[in-house]
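The residues making up each chain are set out below.
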Amino acid sequence: MTTDTSIPFVHRYEPATEPGRTPLLLLHGTGGDENDLLPLGRLLSPGAALISPRGQVLENGMPRFFRRLAEGVFDAEDVRARADALADFIETACARCGHPAPIAVGFSNGANIAAAILYRRPQALAGAVLLRAMVPLEEAPAGDLTGKPVLILSGNADPIIPAANAERLAARLAAAGAEVEHRVLRAAHGLTQSDVAIAQTWLAQTWLAGK
Ligand code: MLT
């Protein structure tokens, strides 16, 4: 199946109220949309600009960022094309608004497309918070991720993501040079207060470190 990546992304944008803060790119999970993660983004980095696109794939009416053949089995060709299209959108949107590259905050399918962008177009992102992510593509990351900060938060009772898969993602990103912090929380697939608290602290430290 071909992928038409020329369609613009429906999205929400909130301008920064605290200048200089790295913008956040918010990427929802399966069945979500551009509104879902705005409250989380405001909590995680108050005052940062927020860019929140909607995934362009529909699975039984539910928006996603790429096609899958079954749960956890991805259409690799579609992942590559959609990651590149989203990277193009991010770069164009940031150039238009005068923003530097954003830090992605992705949940589930949104975390997986963020990881795919790190694999293919690392310059499009300043870093990433990957909430319940898995390996998006079987090949190794194509780009140099040296110094790119990445926080991966997994759940020890996640029925969708095997622990070994999230560990493999952390290892692959680290092997490509990323500064990966991978924490496994007492959680299932859904987000918890611990996810929010850890991501908040990590983002504040990353921002203070000037990344
Ligand atoms: C995916 O399809 O990206 C993952 O299985 C997570 C999800 O269920 O969305």
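Up top you'll find the structure we're talking about.
The shown structure was predicted, so the numbers you read here are calculated from the model rather than taken from an experiment.

(A) Geometry of the pairing of strand β9 (residues 127–131). Counting buried positions along β9 gives 5 out of 5 residues, so the element sits mostly inside the fold. Two elements, strand β8 (residues 103–107) and β9, share 5 bridges in a ladder whose sense is parallel. Bridging across to β9, A104 finds its partner in A128. Handedness of the β8-helix α3 (residues 109–120)-β9 crossover: right-handed. With 4 bridges connecting them, β9 and strand β10 (residues 149–155) associate as parallel partners. From the neighbouring strand, V129 faces β10, where its bridge partner is L151.

(B) Representation of the pattern of salt bridges within the structure. All told, the structure shown has 15 salt bridges when counted by the stated rule. Residue R42 is joined to E14 by a salt bridge in which the shortest nitrogen-to-oxygen separation is 2.6 Å. Residue R42 is located in helix α1 (residues 38–44), and its partner E14 is located in strand β1 (residues 11–14); the two are separated by 28 residues in the primary sequence. A residue is classified by how much of its surface remains accessible, and R42, at 42% relative accessible area, is partly exposed. A salt bridge links D84 to R120, with the nearest nitrogen and oxygen atoms 2.7 Å apart. With a gap of 36 residues between them, D84 in helix α2 (residues 76–97) and R120 in helix α3 connect regions that are remote in the sequence. Here the residues in one salt-bridge network are E59, R64 and R68, joined through shared partners.

(C) Spotlight on the site of the ligand. Surrounding the ligand, one finds T30, R64, F66, R68, G72, F74, S108, N109 and N112. Between the ligand and T30 there is a distance of 2.6 Å, counted from an oxygen atom to a side-chain nitrogen or oxygen. Take R68: an N or O atom from its side chain is 3.0 Å from an oxygen atom of the ligand. Notes on the ligand: free accessible area 260 Å², of which the protein chains cover 97%.

Basis of the calculations
Residues numbered from 1 in each chain as written. Predicted model: local features only at pLDDT ≥ 70, side-chain atom pairs only at ≥ 80, totals over all residues. Heavy atoms only, no water. Buried < 20%, exposed > 50% of the residue type's maximum accessible area, 1.4 Å probe, protein only. Helix = DSSP H or I, 4+ residues; strand = E, 2+ residues; numbered from the N terminus. Pairing = 2+ DSSP bridges. Right-handed = clockwise from strand over helix to strand, strands pointing away. Salt bridge = Lys/Arg side-chain N within 4 Å of Asp/Glu carboxyl O. Near = heavy atom within 4 Å. Polar contact = N/O pair within 3.5 Å; in protein donor to acceptor, adjacent residues only side chain to side chain. Areas by Shrake-Rupley, 256 points an atom, 1.4 Å probe, with all protein chains shown as cover.

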